[in-house]
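Observations on chain architecture
In case you want the letters, here they are:
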Amino acid sequence: MKILVAIQGRHPYSFGDKFVLSSVMDFCLNRITDPEPNLLSFEQFLIQCMVMIKNILECKEYKPCLTGRVVDEKGVTLEQMKKNISSAVGGVVTSLLPNDRIVLLCNVLITRYFVLTASDLEEWYRNPESFHHEQDMVQWTEKLRPCAEALYIVLFENNSQLLAPVVVSLLQETMNNCPTSVTEITSALLLKDAAYGAAAYVYYELSNYLSFKDWFNGALSHELSNDHPNLRIIHRKVAVILGQWVSEIKDETKRPVYCALIRLLQGKDLSVRLAACRSLCLHVEDANFSEREFVDLLPLCWDSCFKLFEEVQEFDSKVQILNLISILIGHVSQVIPFANKLVQFFQKVWEESAGESLLQIQLLVALRNFVIALGYQSPICYNILLPLLENGIDINSPDELNLLEDSMLLWEATLSQAPSLVPQLLSYFSRLVGIMERNFDHLQVAVNIIEDYIILGGNDFLSMHATNIAKILDLVVGNVNDKGLLSILPVVDILIQCFPMEVPPLISSTLQKLIVICLSGGDDRDPSKTSVKASSAAILARVLVMNTNSLAQLASDPSTSQLLQTASIPVQENILLCLVDIWVDKVDNVSSIQKKTIGLALSIILTLRLPQVLDKLDQILSVCTSVILGRNDDLTEEESSGDMSSSASPDEGTIPSKEFRKRQIKLSDQINQLSLEDSVRDNLQTCAAIHGESFNATMSSMHPSAFAQLKQALKMP
């Protein structure tokens, strides 16, 4: 059977031969529905029979092909052969599975293979925790019941309209034969449990035939109110149903269902409690989760989770409970009242999780949600958070490979929620150099972290980590693809904006690489290359405007020319004049503030004592004119696209958000304070003084309409 299963998986078309497929399929169906007594104890064989039927029912090669055949196509193509086989196989499967046999198979799967056996119950009572995981998480091909459930789900999906009434009828029959008051473990009770399982797994189809509200009020809630130890069997399955049917649980039933799950979470049986834990996750994560109906249950819910965590032994259980706590923190607003309890809990988990990196990852995720939920009160958890973070971002730590990604996400969340930079957090920045030297796997998070440090740390950050920031930018720029560059360039821009005098000399090698990017060709048909070149050009324009000497020195530095030569970029003239062509070319590919920056940079070029400036005068003035005349539209567009709520100033005594600080930096941008009209007007006069008659001749050769627009832009009489 194992060999046949493997052959069918590897060679479905060959296996589709009617003599092979029909014989094997008929044999397997007979063994499943009517096994000889000695076969029932041979579970591995029955599993392989079920795997075979499931694979055949799911096999996409046996599904009818919807593509048509080309008219007058000569000969039979491979695709046509496959299509013919698919049609033939479809006929074989249909003939072997008429409706009555499908109904029989469905009934047998539920009433024979879903039913808990004496050995199942013994295992449950002996170790409820491991029983839960075997039922809940075991690989479906390893055990008979999960295998039967997997086959049932596929069978139901393929024949839902036929089988939905059958399953509902079976459910009603088993409930009638075993009323909610029954507490003895009888065959009727076990059969009801099996039918509950069948209804749980295919909720998406059954909801058209069965009202959850009536089912819950009529039977499920009564069964949950009966605390007899034997009813743990039904309670566990009800917990599963409440999780599976989450999308069908409407407004008036939500509250009783939440209460039911919390009650199950507080029960005595670990298997039931863990099933309730899993279902609660599904409810809290559901798009229609009602926090209003849940909020007063929160204290009970937290305490039940903490208590359950203390009682379980297995790693999988701890991960499951920690996952619920993490999801709760991320989805409810009332977290701060429970902050101290959560901090104590996280401390305990961290101490117990040594060597269990999967549990530690779950803890890092929960802590990240916790930090975000606490907002600017997050320093109350720094006692546990900072040592844990320090360990996670240490590339020499033995668990570094497993924990680094989640630790960096936690680091970024910690910074974006921090009211200020404590010395420990400030010192961690140097760790980023080692991380980036290893690889660029975490580049986007690293970019967010750098931005957080710039916005939050200001001068203290720059004076402490100037060489580190220069090293990181030098590592990244020139060594990542265009997508990577587009993520790092805004950081370079904000750095120069915040520290215009200090930063350009500090990152001169990065700026040289940006010059190379700007002057290299090859971006005509590549939008991402165009974006990179435009962003790089806007950054160099900013340097020229805010620290003119710095860019002038860089442009005339022999090492810059050497770098361009190495990159095989021929430079015939002054590098600043080469940049003029790029600014003119890329001005339409940037934001409005960058357009103004480029306009200001071009106006500064007018003051160069170089005759070639006059050759470019027409283009420079054309760009400056269009930026001045078009800026009003751009600004309104940028303001409307911005988040106006974040521009509101924080209340007295509250801490400004990261977004507010970022917006303040944008608003206080030196570029905003400068007048492009005044700059062009003044620098035109300087240009006229430098070049005299040549300037007048160039201006008089301007197109009249362009000259008229220039006069309009500069408000000249």
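Everything in this summary refers to the structure shown in the same document. This one's a predicted model, so the numbers in the text were calculated from it and none came from an experiment.

Points about the packing of aromatic side chains
Remark: the centre distance and the inter-plane angle together describe each pair of aromatic rings, the angle taken between the planes. This model, assessed by the stated rule, comprises 24 aromatic pairs. Their ring planes at 80° and their centres at 6.3 Å tell us that W411 and Y453 sit as a pair that is edge-to-face. Taken together, the positions of W411 in helix α24 (residues 400–417) and Y453 in helix α27 (residues 443–476) put the pair 42 residues apart, joining distant regions of the chain. The pair W411 / Y453 is uniform in exposure class, with both members buried. Ring-pair connections join several aromatic residues into one group, and the members of that group are Y196, F212, W215, F216 and W245. The cationic tip of K54 hangs over the ring face of W140; the distance from NZ or CZ to the ring centre is 4.1 Å.

Some points on helix α20 (residues 315–331)
End to end, α20 covers 24 Å across 17 residues, agreeing with the expected 24 Å (1.5 Å per residue, within 8%). The buried fraction of α20 is high, at twelve of 17 residues. Turning to α20, its buried residues number three or more, namely S317, K318, V319, Q320, I321, L322, L324, I325, S326, I327, L328 and I329.

Some words on the packing of helix α3 (residues 18–33) against helix α5 (residues 43–58)
Where α3 meets α5, the closest approach of the two axes is 9 Å, and the angle between their N-to-C directions is 130°. As the angle between them shows, α3 and α5 are arranged oblique. Judged by the twist between their axes, the crossing of α3 over α5 is left-handed. Contacts from L21, V24, M25, F27, C28, L29, R31 and I32 in α3 reach F45, L46, C49, M50, M52, I53 and I56 in α5. Considering only residue class, the contact of α3 with α5 consists of 14 nonpolar, no polar and one charged.

Quick notes on α3
The end-to-end C-alpha distance of α3, which contains 16 residues, comes to 22 Å, matching closely the 22 Å that a straight helix rising 1.5 Å per residue would cover. Taken as a whole, α3 has its buried residues at L21, V24, M25, C28, L29, I32 and T33. In an axial view of α3, the angular spread of the buried residues amounts to 145°, which keeps them on one side of the axis. In this fold, the buried residues of α3 make contact with α1 (2–10), α2 (12–15), α5, α6 (78–96), α7 (99–113) and α10 (144–158). One side-chain oxygen at the N-terminal end of α3 lies 2.9 Å from the backbone nitrogen of F19; it belongs to D17.

Quick word on the nonpolar core
In this structure, L109, Y152, W215, F346, F370, W411 and W583 are the most contacted members of the largest nonpolar core, which totals 254 residues. Among the elements that take part in this core, α27 stands out by supplying 17 residues, more than any other. Residues in contact with Y152, not counting those within four places in the same chain, are C106, L109, I110, F114, V167, A198, Y201 and V202.

Looking at the packing of α27 against helix α28 (residues 482–498)
Close contact between α27 and α28 brings their axes to 8 Å; oriented N to C, the two are set at 15°. Put simply, α27 runs roughly parallel to α28. Considering only the axes of α27 and α28, their crossing is left-handed. Along the contact surface, α27 presents L443, Q444, V447, I450, I454, I455, L462, I469, L473 and V476, while α28 presents G484, S487, I488, V491, V492, I494, L495 and C498. Split into classes, the residues belonging to the contact of α27 with α28 amount to 15 nonpolar, three polar and no charged.

Cut-offs and rules
Residues numbered from 1 in each chain as written. Predicted model: local features only at pLDDT ≥ 70, side-chain atom pairs only at ≥ 80, totals over all residues. Heavy atoms only, no water. Phe/Tyr/Trp six-rings, centres within 6.5 Å; stacked < 30°, edge-to-face > 60°. Helix = DSSP H or I, 4+ residues; strand = E, 2+ residues; numbered from the N terminus. Buried < 20%, exposed > 50% of the residue type's maximum accessible area, 1.4 Å probe, protein only. Lys NZ or Arg CZ within 6 Å of the ring centre and 35° of its normal. Expected span 1.5 Å × (residues − 1). Axes fitted to C-alpha atoms, helices over the stretch in contact; angles between N-to-C directions. Parallel < 35°, antiparallel > 145°, perpendicular 65-115°, else oblique. Left-handed = near helix turned anticlockwise from the far one by under 90°. Contact = heavy atoms within 4.5 Å. Nonpolar A, V, L, I, M, F, W, Y, C, P; charged D, E, K, R; others polar. Arc of directions from axis to C-beta. Polar contact = N/O pair within 3.5 Å; in protein donor to acceptor, adjacent residues only side chain to side chain. Core = buried A, V, L, I, M, F, W, Y, C linked by side-chain atoms within 4.5 Å.

As far as function goes, none of this settles anything; it's purely spatial.
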